[in-house]
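# Close look at the chain arrangement
Here is how the chains run, residue by residue.
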Amino acid sequence: MPDSRADAASPFLISAVIATYNVARYLPPLLESIEQQTYGSRNVQFVFVDDGSTDDSLAILRAWAEGREDHVIVLTQPNAWVAEARNAGLAVATGEWVTFTDPDDVLDPGYFFEVDKFIRYHGHRREVTILAAHQMRLLESGEVLDNHPQRYKFALGSRVVNLDAEPVIQLSVNSSFVRRDLVEEHGLRFDGRVRPNFEDGHFLARYMLLTGTEHLAVMASAKYLYRVRGDGSSLLESSFRSREKYVSVLRYGYLDLLETAETHGGVPRWLENTVLYDLFWYFKEQQAIHSLTASAPADVFDEFHELVREIRSHIADDAIRSFDMMGLSFAVRETILRAYTEERIRHDYVILRHVDESRQLVKISYWFSGEVPDERIRLDGADIEPVHETVQDYTFYGRVTVRQRHLWLKRGMRLTISLDDVPQQVTRWEQQGNPEGLTAKQIDPRIAGQRRETRERFDPRGDTLKQRVRKQLGDWRRRQAKKLSRVGLYDERLELVLRSKSVRERFAHAWVFMDRDTDANDNAEHLYRHVAKHHPEINAWFVLRKESKDWPRLEAEGFRLVEYGSWDWNLLIRHADHLASSHADAYVNQPLDQRRYGRPRFKYTFLQHGVTQDDISRWLNWKRIDVFVTTTPAEHESIAGHGPYAFSEHEVFRTSMPRYDRLWEKRQAVAASERDTILVMPTWRETLLSKRIGNSNERGKIANFAQTDYARQLTALLSSPRLRELAERTGQKLAFMPHPNMRPYLGDFDLPDYVQVWSFDTHPIQDILSRTSAFVTDYSSLAFDVGFLDIPMVYFQFDAASFFEGTHLRRRGYFDYQRDGYGPVESEAGAVAEQLVAMGNRGYLSEETYRQRSAEAFPDRGRGSAAERVVEAMYSVDSKPTPAPVGLHEPSPAVEESVSR
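Model, not experiment: these values are computed from the prediction.

### Considerations on the overall build of the chain
Of the regular secondary structure elements, the chain holds 33 helices and 33 strands. The C-alpha radius of gyration of the chain comes to 32 Å, within 12% of the 29 Å expected for a compact globule of 901 residues. Considering only C-alpha atoms, the chain reaches an extent of 95 × 80 × 60 Å along its principal axes. Expressed as a percentage of its 901 residues, the buried residues of the chain come to 54%.

Laid out in structure tokens, this is it:
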């Protein structure tokens, strides 16, 4: 019921309906922005509807409304969701135009002034029935960014857009203004079934359809500041776990609009674009590295796909082909265009992706659905088979919608391919088909191209002699300034020094090794040590930051070190034949500015930090990897075989990780009676990390870390009396060793004195594992190191549901912790402690089930050198035989083959 009420007869031009729910912390900035309106806040009717808030939202609104009863209405109702709250406000609004401001956003001081001005100039025009303000993003830091995906429609300033000629869209009611008389005439209200999002787009589209709107008025100077919440608490950010997002939005939102349009003369292009814009985001999000769609409820997937099929049947092919309101991968566009039709996906072309000059191979790719087509490949008149092949599956919400075949073929004079007896054209890029209509999107680039064909420099109809002389002088000065700038002088020097004899002799054909820029002690360090000892023919260098704790240690050992980012590093990278690293972050395998320096010439070997157990294809598929090191047969098959990865056995080698050589030796050197540590070593959480510091691996620190579930669960385990009693009874140390990314928080864990908190800075992990009796982790790939050594272990997965919901890099892959793991899986601290007690009672031996899994996963354990197999793989991509290693024992017959594929 209303707490205050303005005079219904008041002549308001604009009413702002504001639905509020638990936004007490955001209301003061909004109310302050209203008070600062140059238009005068009393000229606008504000209708606040509190939707049963449990915080101070209602109290704040009531206090602010005192003394403003002439233009402020405050309503309250039991919680019924935003649609009903807006409908309640709409029922009492009296303005000629109505908007639906969100309570957590902010209005530019000139917002209502600019809206009023536009209405005064254009509101009398019959076609002007909906206005769109310029929506900009407001970050938590206070920074305002003009990077909204739909900002393009404001590029030409304020105007009235004919939607037939320029089919732009409007999805947000918070920055829209509609005529209230038309809303009432057609009985329009927000549909509460369209949730948890798109209720805005549904309301506006129905308004436009029922009123016959063919124009959209855009107000470039009216700035609406849309808040991007950093805590994931907004409706949009928290909607991905909701069943309604994958069913109700599609059925009551998109499908309702399309069916309504069919009854009103057909689906206009602007509506097709509206539905496609929102629908495409579902599929784009599935391809993102970090995506909350990973937490979508699997039991709705079949219904979701059936609804997409129905929606697709109302949308023209040309609308999908010509859609250009956002960047789309070919797989996403192809999924909507073809995957929901009855026909199999087949094209009449294949794509030349890459040429491997060293091995004289070419990579050909093509798209398809269903079974692999019948392939006939002919090289210089003879039938051939692929040297390597794989199929990359694109999976959206549990269903493979489109597939891509990758073939590595021998190179010759003429190569032809037929698929299902259809000869294929060979192209260099994707072919989506051409739009059926001719619009400004096609015409404008052609005009620009024609203008460029006329050389303005030699056109006498252009500027005057004086203007041309001034322009030439200006251009010359700019070129000289750029050349003489710090960057320009650096590059001039670099260009010369790279060619000096001493530098060439020093870095020629270098093999570069690095783990993190801040840390060593991983696979790259172990591989470098092997190469330096057994392959003197290789010009090997190790890269690290000088301030790293590992620099003095490696320098004392005789490593040839180069500081990351230094002048020598710059010279080294440009001379390198190979770069091998345990990490694939951009600062490692794309260390140079390619726009400035071009593509580096080195071949990149991804040694991995650990065995890949989850699906990280979305992160890795786009990286250029020449040698991809794998360890277990299952891991190798998951990456090189048919599935989500784009790699084949052309890049993927099963060598095992170089660090396993030394790890095995150290473990065997420690007698069972000397293994004296119960080690707890969880991995990190993406949500607990602050931003990177510069272009490095260093991180900042978040507040209140000790109150997070992560810290509390681990503290509960390590404080367990059962665990303490076990350690004392069996003579074990109890050690806690967080992931390096958690290093800033080592002092934030509230642990008993008997728990030793160790850091990778002071405790080499291989030395620790060699003395470990029992191991606890959650999802860390170090579990494979522990399985490799047959150390009894338990997985403590207290947050399994949220860990794979998309906030972390990983998604579930081939590895099932219950089925494939090297120890039991528990979700409670007490159960983990009991498992450790049982292990201690067995004398810290793994159960037979887990020992058998370990034997199957590591068939090469203790047999030959993994590091040498990696060297062989790196030589093989250069098509060079591996020189015989110096002083290395011959591998056993079981691993005599140069590299296991």
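### Observations regarding the environment of Ser770
Inspection of the secondary structure assignment puts Ser770 in helix α27 (residues 765–770). For Ser770, a relative accessible area of 5% corresponds to the buried category. For the pair Ser770 and Asp676, spaced 94 residues apart in sequence, the C-alpha separation works out to 9.7 Å. Setting aside residues no more than four positions away along its own chain, Ser770 makes contact with Lys666, Arg667, Val670 and Arg675.

### Some points on the pattern of salt bridges
The full count for this structure, using the stated rule, is 64 salt bridges. Across the pair Glu834 and Arg722 runs a salt bridge whose closest N-O atoms are separated by 2.8 Å. Of this pair, Glu834 sits in helix α31 (residues 829–841) while Arg722 is found in helix α26 (residues 721–730), placing the two residues 112 residues apart along the sequence. Of the residues examined, Glu834 reaches a relative accessible area of 37% and is grouped as partly exposed. Close ionic contact of Arg851 with Glu848 constitutes a salt bridge, the shortest N to O distance being 2.8 Å. Of this pair, Arg851 and Glu848 are both found in helix α32 (residues 848–857), three residues apart, which corresponds to roughly one turn of the helix. Residue class for Arg851 comes out partly exposed when judged on its relative accessible area of 33%. When salt bridges with common partners are traced through the structure, they connect Asp519, Glu525, Arg529, Lys549, Asp550, Arg553 and Glu557 into a single cluster.

### Observations regarding the environment of Ser648
Note that Ser648 resides in the loop between α23 (633–640) and β27 (652–654). Distance in space between the C-alpha atoms of Ser648 and Glu244 is 39 Å, their sequence separation being 404 residues. With near-sequence residues (within four places) excluded, Ser648 lies in contact with His388, Glu389, Thr390, Trp408 and Ala640.

### As for the packing of aromatic side chains
Two measures describe an aromatic ring pair: the distance that separates the ring centres and the angle between the ring planes. For the coordinates displayed, the defined rule picks out 53 aromatic pairs. With centroids separated by 6.2 Å and ring planes inclined at 90°, the aromatic side chains of Phe283 and Tyr397 adopt a geometry described as edge-to-face. Here Phe283 is found in helix α9 (residues 269–287), whereas its partner Tyr397 is found in the loop between β16 (388–396) and β17 (399–410), with 114 residues between them in sequence. You can call Phe283 buried: its relative accessible area is 0%. Between Tyr660 and Phe858, the ring centres sit 6.1 Å apart and the planes meet at 70°, which makes this aromatic pair edge-to-face. Of this pair, Tyr660 sits in helix α24 (residues 659–669) while Phe858 is found in the loop between α32 and α33 (866–876), placing the two residues 198 residues apart along the sequence. Both residues of the pair, Tyr660 and Phe858, belong to the buried class. Taking the ring centre of Tyr282 as reference, the NZ or CZ of Lys245 above it sits at 5.0 Å. Note that Arg493 overlies the ring of Trp567, its terminal NZ or CZ placed 3.9 Å from the centroid.

### Comments concerning the packing of α9 against helix α10 (residues 301–312)
Orientation of α9 relative to α10, taken along the N-to-C sense of each, is 150°, at an axis distance of 13 Å. Taken together, the axes of α9 and α10 are roughly antiparallel relative to one another. Read as a crossing pair, α9 and α10 show a hand that is left-handed. Within the contact between the two elements, α9 uses Val275, Leu279, Tyr282 and Phe283 and α10 uses Phe304, Val308 and Ile311. A per-class count over the contact of α9 with α10 returns seven nonpolar, no polar and no charged.

### Observations regarding a nonpolar patch on the surface
Residues Leu438, Ile443 and Ile447 make up a contiguous nonpolar surface patch of about 280 Å² in total accessible area. Within the secondary structure, Ile447 is located in helix α13 (residues 440–453).

### Quick look at the packing of α9 against helix α12 (residues 330–338)
Relative orientation and spacing of two packed helices are given, respectively, by the angle between their axes and the distance between those axes. Interaxial distance between α9 and α12 falls to 10 Å at its minimum, and their mutual angle equals 130°. The orientation of α9 with respect to α12, classified from their angle, is oblique. Crossing of α9 over α12 shows right-handed handedness. For the pair α9 and α12, the contacting residues are Leu276, Leu279, Phe280, Phe283, Lys284 and Gln287 in the first and Ala331, Val332, Arg333, Thr335 and Ile336 in the second.

### So, the sheet that holds strand β13 (residues 361–368)
Pairing within the open sheet is mixed, and its five strands lie in the order β16-β17-β13-β12-β20. Two strands close off the open sheet at either side, each with one partner strand: β16 and β20 (425–427). Recorded for the sheet is a direction-independent mean angle of 30° between the axes of neighbouring strands. In this structure, β16 lies alongside β17, joined through nine bridges in antiparallel fashion.

### Some thoughts on the nonpolar core
Of all hydrophobic cores here, the largest spans 88 residues; its most connected members are Leu271, Tyr282 and Phe283. With nine residues, the top contributor of residues to this core is α9.

### Section: unusual backbone geometry
The omega torsion across Arg195 and Pro196 is 15°, close enough to zero to call that bond cis. Structurally, the position occupied by Pro196 is in the loop between α5 (180–185) and α6 (199–211). Positive phi outside glycine occurs at Asp420, with the angle close to 50°. Here Asp420 shows up in the loop between β18 (415–419) and β19 (422–423). Residue classification places Asp420 among the partly exposed positions, given a relative accessible area of 29%. One non-glycine residue with positive phi stands out, namely Asp421, at about 70°. Topologically, Asp421 is positioned in the loop between β18 and β19. Overall, the relative accessible area of 69% leaves Asp421 in the exposed class.

About the thresholds
Residues numbered from 1 in each chain as written. Predicted model: local features only at pLDDT ≥ 70, side-chain atom pairs only at ≥ 80, totals over all residues. Heavy atoms only, no water. Helix = DSSP H or I, 4+ residues; strand = E, 2+ residues; numbered from the N terminus. Rg over C-alpha atoms; globule rule 2.2 N^0.38 Å. Buried < 20%, exposed > 50% of the residue type's maximum accessible area, 1.4 Å probe, protein only. Contact = heavy atoms within 4.5 Å. Salt bridge = Lys/Arg side-chain N within 4 Å of Asp/Glu carboxyl O. Phe/Tyr/Trp six-rings, centres within 6.5 Å; stacked < 30°, edge-to-face > 60°. Lys NZ or Arg CZ within 6 Å of the ring centre and 35° of its normal. Axes fitted to C-alpha atoms, helices over the stretch in contact; angles between N-to-C directions. Parallel < 35°, antiparallel > 145°, perpendicular 65-115°, else oblique. Left-handed = near helix turned anticlockwise from the far one by under 90°. Nonpolar A, V, L, I, M, F, W, Y, C, P; charged D, E, K, R; others polar. Patch = residues over 30% accessible without salt bridge, like charges linked within 9 Å, V, L, I, M, F, W, Y side chains within 5 Å. Areas by Shrake-Rupley, 256 points an atom, 1.4 Å probe, with all protein chains shown as cover. Pairing = 2+ DSSP bridges. Core = buried A, V, L, I, M, F, W, Y, C linked by side-chain atoms within 4.5 Å.

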